[in-house]
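A closer look at the structure
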Amino acid sequence: MNYFHKNLKFLLKEKNLSKIQLSKELNITRQAINDWTNNNVYPVYDNLIKLSEIFNVSIDDFLKKDLEESK
């Protein structure tokens, strides 16, 4: 199972980071973040790496682990 969209929602809330703030940091649209959190699309690899760095979570955990349950 892929947990990306659920983990992104969780990490945004945990870090008290808005979708707008994240979109500015990644230099992408807020709609792209919405698409990710709604499980419509996945980020390109470069953005996945940046997300991993921003949230200090491995890409493997981001995709394969329910981070909310792990807390």
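Scroll up to find the structure this text is about.
For the structure given in this document, a descriptive report is provided here. (Residues numbered from 1 in each chain as written. Predicted model: local features only at pLDDT ≥ 70, side-chain atom pairs only at ≥ 80, totals over all residues. Heavy atoms only, no water.)

1. Quick word on the overall build of the chain
- When its secondary structure is counted, the chain shows six helices and zero strands.
- For the chain, the N- to C-terminal ordering of α and β elements is α-α-α-α-α-α.
- Radius of gyration (C-alpha) of the chain: 11 Å, near the 11 Å computed for a compact globule of 71 residues.
- Of all 71 residues assigned to the chain, the portion counted as buried reaches 34%.
- Here the chain displays about 4,700 Å² of accessible surface, and carbon together with sulfur accounts for 47% of that area. (Helix = DSSP H or I, 4+ residues; strand = E, 2+ residues; numbered from the N terminus. Rg over C-alpha atoms; globule rule 2.2 N^0.38 Å. Buried < 20%, exposed > 50% of the residue type's maximum accessible area, 1.4 Å probe, protein only. Areas by Shrake-Rupley, 256 points an atom, 1.4 Å probe, with all protein chains shown as cover.)

2. Some remarks on the pattern of salt bridges
- Within the structure shown, the criterion is met by two salt bridges.
- Its salt-bridge partner being Asp66, residue Lys6 comes within 2.7 Å of it at the nearest N-O pair. Taken together, the residues span a long stretch of sequence, with Lys6 in helix α1 (residues 4-14) and Asp66 in the loop between α5 (59-64) and α6 (67-70) at a distance of 60 residues.
- You can call Asp66 buried: its relative accessible area is 9%.
- Put simply, Lys64 and Asp60 hold a salt bridge, and the shortest N to O gap is 3.2 Å. Here Lys64 pairs with Asp60, and both are found in helix α5, just four residues apart, close to one helical turn.
- On the accessibility criterion, Lys64 (59% relative accessible area) is exposed. (Salt bridge = Lys/Arg side-chain N within 4 Å of Asp/Glu carboxyl O.)

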